[in-house]
Amino acid sequence: MEDNTKQPLTADASLYNGQPTDTGSSCPSARLTSCTPSISDDVKDGVSVENVPTQSTQWFVLRVSYGRILKAQTYIEGKGIDCYVPLRYKQITKHGKKRIVTEPLLPSFIFVHASCSQVEALCRNINASDSRSLLRFYYDHTSFREDAPDKNPPLIISDSAMDNFLRLTSIKNPHVIPVTSENIKYKLGDEVVITEGEFKGIHGRVTRIAGQQRVVVELFDGCLVATAYVPKAAIIMKNDTK
């Protein structure tokens, strides 16, 4: 049964100016598991699960019940399945000292690299004493299943799009934030590649947030993450890289 509720991601309004300050506290890696899929340039950003063999390993987006992202991660990894929880590196001041702390960037979502049958098994395994399902599919609201035209198929993220997202969200910079479409105004909708600095190689679209030029990566409808400030000289049009 499809998920007909499309909940928008909450934008984080806290924007930092200047460079982040790390006072020596270590930042754990945002990459919580070791699986990095190969990159394929001819794969679309999102594909339907309908025609994918059930044993083919893909990136699935799963919705996690509120406040249980770490429990979901532990549960999935306990089954020997690779998953990814993107972290936000947030700068805080405590007792007059600045430090970097981490928290889930998208607390309602977890990304699972597995076969369709493995993911279905994860979603079916519900504790009878718990009225809330820990995991459920996030559905592709832009398409419909061929065998059931009134239902949406589960969303699958292509390897190339996921790799771009992994690289961005693994950078230990508190300026990397989740945003919503209401918070941004694309500059001519330019699709670009960042050529210099810590965001080098990230693909996205140019926008301005709080007066700063940034690049936004949209993984799927409603999931947008913005880089820190990127100078004009460090950006080239995507078509110019070919």
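Before any of the text, the structure's been laid out above.
Remember, predicted model here, so these are calculated numbers, not experimental data.

Conventions used here
Residues numbered from 1 in each chain as written. Predicted model: local features only at pLDDT ≥ 70, side-chain atom pairs only at ≥ 80, totals over all residues. Heavy atoms only, no water. Helix = DSSP H or I, 4+ residues; strand = E, 2+ residues; numbered from the N terminus. Polar contact = N/O pair within 3.5 Å; in protein donor to acceptor, adjacent residues only side chain to side chain. Core = buried A, V, L, I, M, F, W, Y, C linked by side-chain atoms within 4.5 Å. Buried < 20%, exposed > 50% of the residue type's maximum accessible area, 1.4 Å probe, protein only. Contact = heavy atoms within 4.5 Å. Pairing = 2+ DSSP bridges. Arc of directions from axis to C-beta. Phe/Tyr/Trp six-rings, centres within 6.5 Å; stacked < 30°, edge-to-face > 60°.

Caption draft 1: Fine view of the side chain of S160. Within the secondary structure layout, S160 lies in helix α3 (residues 159-169). A distance of 3.2 Å separates the side chain of S160 from the side chain of S158, its partner in a polar contact.

Caption draft 2: How the structure looks around the nonpolar core. Counting 32 residues, the largest nonpolar core has F111, I157, M162, F165, L219 and F220 as its most contacted members. With five residues, α3 is the largest single contributor of residues to this core. If we skip the residues at most four places from it in the chain, F220 touches V61, F109, F111, Y138, L155 and I157. Residues I76, V85, V112 and L134 belong to the second largest nonpolar core, which totals 22 residues.

Caption draft 3: Summary view of the pairing of strand β4 (residues 87-94). Here eight bridges tie β4 to strand β5 (residues 97-104), and the two strands are oriented antiparallel to one another. Considered in β5, the bridge of K94 is made with K97. A loop of two residues connects β4 with β5, the two strands running antiparallel in sequence, and H95 in this loop sits at a positive phi of about 55°.

Caption draft 4: Structural context of helix α1 (residues 69-78). Among the residues of α1, I69, A72, Q73 and I76 are the ones counted as buried. Down the axis of α1, the sector holding all buried residues measures 100°, keeping them to one side. With respect to the buried face of α1, the exposed residues turned more than 90 degrees away are L70, T74 and G78. In this structure, the buried residues of α1 make contact with β2 (58-64), β3 (82-84), β5, β6 (109-114), α2 (116-124) and β7 (135-137).

Caption draft 5: Region of interest: the packing of aromatic side chains. Under the defined criterion, the tally for this structure stands at seven aromatic pairs. Ring centres of F109 and F220 lie 5.6 Å apart, and the angle between their planes is 70°; on these two criteria the pair is classed as edge-to-face. Here F109 is found in strand β6, whereas its partner F220 is found in strand β12 (residues 212-220), with 111 residues between them in sequence. Since its relative accessible area comes to 7%, F220 is described here as buried.

In short, geometric facts, not functional conclusions.
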